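Survey of secondary and tertiary structure
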Amino acid sequence: MGKGMGGVLSKKKKADDSAAPPPKDKEEAAPEPKAAVEPAAAVEAAPPVELAKPAEPAAPSESTAPGAVTDPASDSISEAAAVKKDAPESKKMSFDYTLQPHSTIPGPEGPLMVCILDGFGENEFKDEYNAVHVASTPTIDALRAVPKRFRTIKAHGTAVGLPSDADMGNSEVGHNALGSGQVVDQGARLVDIALETGKMFEGEGWKLISQAFPKHTVHFIGLLSDGGVHSRADQLFGCLRGAAARGAQRIRCHILTDGRDVPDGSSVKYVAELEAVLTELREKGCDARIASGGGRMKVTMDRYEADWSMVKRGWDAHVLGKAPFTFTDAKTAVTTLRGTEEDPVSDQYLDPFVIVDEAGAPVGAIEDGDAVVLFNFRADRMVEISKAFEYQDFTTFDRERYPVGLRFVGMMQYDGDLKLPANYLVPPPEILHVSGEFLVKNGITTFACSETQKFGHVTFFWNGNRSGYLDAKLEQYLEIPSDKIEFNKAPDMKAREITAASKEAILSGKYKVVRVNFANPDMVGHTGDLAATIRAVETVDACVKELLETVDQVNGRWIVTSDHGNADDMVQRDKKGKPMKGEDGKLLPLTSHTLASVPFFIGGKGLPDGVVLRDDVPDAGLANVASTTFNLLGYEAPSIYKPTMVQNAA
Ligand SMILES: O=C(O)[C@H](O)COP(=O)(O)O
Ligand SMILES: [Mn+2]
Ligand SMILES: [Mn+2]
């Protein structure tokens, strides 16, 4: 993922240089031409796969090399590239990005700060398990008390382009909506459609993997759960059945256990479900098995280059068939690696394992000519493993062996700028004309900052899944390196460092927009540790106070909001909302996001008194934030965006 900074905060970069991580980004990692592959096998026509309905979420309610910095200029998106090549003709036509001055709201003297409290929801369950409610939050409480400048907005389901309103929100779709002002059909939905219509099986990506069907193995690697954030098991099953029905002779699954978007311990159930599908395929003559796996926070699914060793563990297990633990079946693997009652291990952190035969040989190492499908639709945690598979000259870690003639595809293309991977099963969502483009095309400067775990959220996702700068001359992106430990052990994370850097940016006079993401409520919330999450929320509240005071010093304005819930409910509940207990009588922690709406606050010394929230957009969601942002900057909102949430100034 392109990252960059220079100028005002460059002293931080220098401090990090000595320990810069291995090379990344397009320049040093350009893919070699693919090795020649065998001609396509004759592919029998098979019917579209019928999808099971997404399972009902159970009472819905993150390692690290220092942040390195690339040369901003090398990452700029050119005018031409800003409109994707495969955009429909109407969208390719030159687009007018000119912003018009707002009819009644003058531009601010100081900057506009947009602050995202990641995972901070306004939950209806206001009890002791709601860390947002229990925490002492004088700053947010005071904001809630300001009439007509506080409301809640939708952050889940169809409001952010997900298949149904039973889908909790997440950072990808949330930041896409916040940054683009539009609701687009997201990956989960696009894959559903591709499977239901059978289009997946007609695409170029499928043609590529189908070359391996007669004589080689097709490997599926991804997150095994129905969390619907990165992947969905029913979509994996659709692909497996689709491959077997079209002649795949040998299939191997490499499973990453969840416990983060779904309850901890549910890995056992998902393995059983997958085994049932694999048995069904074997009965039809397809040699189908689970071959390797591990916990998503330990194996393969690193993001934003926080900890490449996770990806190496994944490569070793999936490709080389090497892991510290071997088992002859996946159920035993998962149940054993989950530890004991005295020393439990969560699904998120299971050690890497490999399934072996009676002779101890791995049943599914990846060999020359095999096909590999990464079945996650979401990008952030698939980019690194994609680089390891896609780039023949990859050097970030020693792959030991790189299979020749691999047919490698992603469920989607994960990075539209890097075109990574080159081959994919379903075209990714097209997110055009994002707010950042309007800003840079009108000469408006931006500073964006978060720590590693959320850095790509306020840059890559915010900019419609584009790595790098939209215009390096007008933008400054700063990454504060995250800790490499489980975040309940250090719930303050890097909030104070983010605050210090953002205050410097606000006071510098260089930026009209200052965009900040605090990771704490989300990242600590995912650990299921209530006490630590309360502390995380309190830390963020104190940091927000400092930022608001700093904005006031320079007569600026602010928007404080969130991208989805998480810290606002830390316990699994039954249908009536009653907290649930396990067999041991202990409360069952909720590690996932929630379905809660999120708060939306506007304010600042530089905001004219008459600028208040409208009351005629009750269903407003995250996609309505961008229009509001333009209004608070003194501009009319782009007409293609969801309506603003502010009234004209009186
Ligand atoms: O990737 C993760 O950490 C979780 O699956 C979702 O969290 P996020 O959407 O807040 O990143
Ligand atoms: Mn988030
Ligand atoms: Mn999260």
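Residues numbered from 1 in each chain as written. Chains lettered and ligands numbered in written order. Predicted model: local features only at pLDDT ≥ 70, side-chain atom pairs only at ≥ 80, totals over all residues. Heavy atoms only, no water.

A separate point is the sheet that holds strand S11 (residues 475-480). Taking strand neighbours across the sheet as the criterion, the 7 strands line up as S2-S14-S13-S1-S12-S10-S11 in an open arrangement whose pairing is mixed. At either end of the open sheet lies a strand with only one pairing partner, and these are strand S2 (150-153) and S11. Here the average twist between neighbouring strands, direction ignored, is 15 degrees. Both strand S10 (residues 446-451) and strand S12 (residues 513-518) contribute to a ladder of 4 bridges, which runs parallel. For alanine 448, the partnering residue across the bridge sits in S12 and is arginine 515. Helix H20 (residues 530-553) rests against strand S1 (112-117), S12 and strand S13 (557-561) of the sheet, and its axis sits at about 175 degrees to S1. Lying on the sheet, helix H21 (residues 625-632) is in contact with S1, S2, S13 and strand S14 (598-603); it crosses S13 at an angle near 165 degrees. (Pairing = 2+ DSSP bridges. Helix = DSSP H or I, 4+ residues; strand = E, 2+ residues; numbered from the N terminus. Axes fitted to C-alpha atoms, helices over the stretch in contact; angles between N-to-C directions. Contact = heavy atoms within 4.5 Å.)

This brings us to the coordination of the manganese ion (ligand 3). Of the protein atoms, only Asp522 (OD), Asp522 (OD), His526 (NE2) and His593 (NE2) coordinate the manganese ion (ligand 3), at distances of 2.1 to 2.3 Å. Given 6 donor atoms and angles of 58 to 170 degrees at the metal, the environment of the manganese ion (ligand 3) is assigned as irregular. Ordering the donors of the manganese ion (ligand 3) by residue number gives the pattern D-x3-H-x66-H. In this model, the manganese ion (ligand 3) sits 4.5 Å from the manganese ion (ligand 2). (Donors = N, O, S within 2.8 Å, 3.2 Å for Na, K, Ca; no water. Tetrahedral: all angles 85-135°; square planar, octahedral: opposite > 155°, others 65-115°.)

With that out of the way, let us pick up the pattern of salt bridges. Taken as a whole and judged by the stated rule, the model has 34 salt bridges. For lysine 454, the salt bridge goes to aspartate 118, with nearest N and O atoms at 3.3 Å. Of this pair, lysine 454 sits in helix H16 (residues 452-455) while aspartate 118 sits in the loop between S1 and helix H5 (131-134), placing them 336 residues apart in sequence. Note that glutamate 549 is salt-bridged to lysine 545, the shortest N-O span being 3.2 Å. With glutamate 549 and lysine 545 both in helix H20, this residue pair falls 4 residues apart, about one helical turn. Given the relative accessible area of 42%, glutamate 549 is considered partly exposed. (Salt bridge = Lys/Arg side-chain N within 4 Å of Asp/Glu carboxyl O. Buried < 20%, exposed > 50% of the residue type's maximum accessible area, 1.4 Å probe, protein only.)

Attention shifts here to the domain arrangement of the protein chain. Here the domain parsing of the protein chain yields domain 1 (111-175 + 430-607) and domain 2 (188-410). Between domain 1 and domain 2, the C-alpha centre-to-centre distance is 31 Å. Opposite the 22 residues of domain 1 that make contact, domain 2 presents 21 residues. Roughly 1900 Å² is buried in total at the junction of domain 1 and domain 2, and carbon and sulfur atoms are behind 55% of that figure. (Domains from an automatic or database assignment. Buried area = accessible area lost by both parts, 1.4 Å probe.)

The coordination sphere of the manganese ion (ligand 2) contains the protein donors Asp118 (OD), Ser171 (OG), Asp563 (OD) and His564 (NE2), at a distance range of 1.9 to 2.1 Å. Each donor residue of the manganese ion (ligand 2) belongs to the same chain, with the gaps between them written as D-x52-S-x391-D-H.

Here, the residues flagged by UniProt with the feature "domain: Metalloenzyme" (unreviewed entry) are residues 112-636. Each end of residues 112-636 is marked by a C-alpha atom, and these two atoms are 15 Å apart; helix forms 32% of the span and strand 15%. (UniProt positions renumbered as here; feature names shortened; annotations may be inferred.)

Residues Arg151 and Ile153 of S2 are buried on one face, while the alternating residues Phe150 and Thr152, pointing to the opposite face, are not. As judged from the 4 bridges shared by S2 and S14, these two strands associate in the antiparallel manner. Bridging across to S14, threonine 152 finds its partner in proline 599.

The interhelical angle for the contact between helix H11 (residues 267-283) and helix H13 (residues 330-337), taken along N-to-C directions, is 175 degrees, at an axis separation of 10 Å. In this view, H11 runs roughly antiparallel relative to H13, as classed from their interaxial angle. Touching Ser267, Val268, Val271 and Glu275 of H11 are Ala330, Lys331, Val334 and Thr335, all from H13. Here the residues of the contact of H11 with H13 sort into 4 nonpolar, 2 polar and 2 charged. (Parallel < 35°, antiparallel > 145°, perpendicular 65-115°, else oblique. Nonpolar A, V, L, I, M, F, W, Y, C, P; charged D, E, K, R; others polar.)

As a packed pair, helix H18 (residues 495-508) and H20 sit with axes 10 Å apart at the nearest point and diverge in direction by 5 degrees. It follows that H18 is roughly parallel to H20 by the angle criterion. Side by side, H18 and H20 meet where Ala495, Arg496, Thr499, Ser502, Lys503, Ile506 and Leu507 of the first sit next to Thr539, Cys543, Glu546, Leu547, Thr550, Val551 and Gln553 of the second. Residues belonging to the contact of H18 with H20 are distributed by class as follows: 6 nonpolar, 5 polar and 3 charged.

In this section: the sheet that holds strand S5 (residues 287-295). The strands making up a sheet are joined through hydrogen bonds of the backbone, oriented either antiparallel or parallel. Strand order in the open sheet formed by 7 strands is S6-S7-S5-S4-S3-S8-S9, with mixed pairing between adjacent strands. The sheet is open, and its two edges are formed by strand S6 (325-327) and strand S9 (407-410), each paired on a single side. Going from strand to strand, the sheet's axes swing by 20 degrees on average, the running direction of each strand aside. Inspection of the sheet shows strand S3 (residues 217-224) paired to strand S8 (residues 371-374) by 4 bridges, in the parallel sense.

Moving on: the site of ligand 1. Of all residues adjacent to ligand 1, which total 18 residues, the nearest are Ser171, His230, Asp261, Arg378 and Arg381. Between ligand 1 and arginine 260 there is a distance of 2.9 Å, counted from an oxygen atom to a side-chain nitrogen or oxygen. The contact in question runs from an oxygen atom of ligand 1 to an N or O atom on the side chain of histidine 457, over 3.2 Å. When ligand 1 is considered free in solution it has 310 Å² of accessible area, and contact with the protein chains removes 100% of it. Within the shell around ligand 1, the residues separate by chemical class into 1 nonpolar, 7 polar and 10 charged. (Near = heavy atom within 4 Å. Polar contact = N/O pair within 3.5 Å; in protein donor to acceptor, adjacent residues only side chain to side chain. Areas by Shrake-Rupley, 256 points an atom, 1.4 Å probe, with all protein chains shown as cover.)

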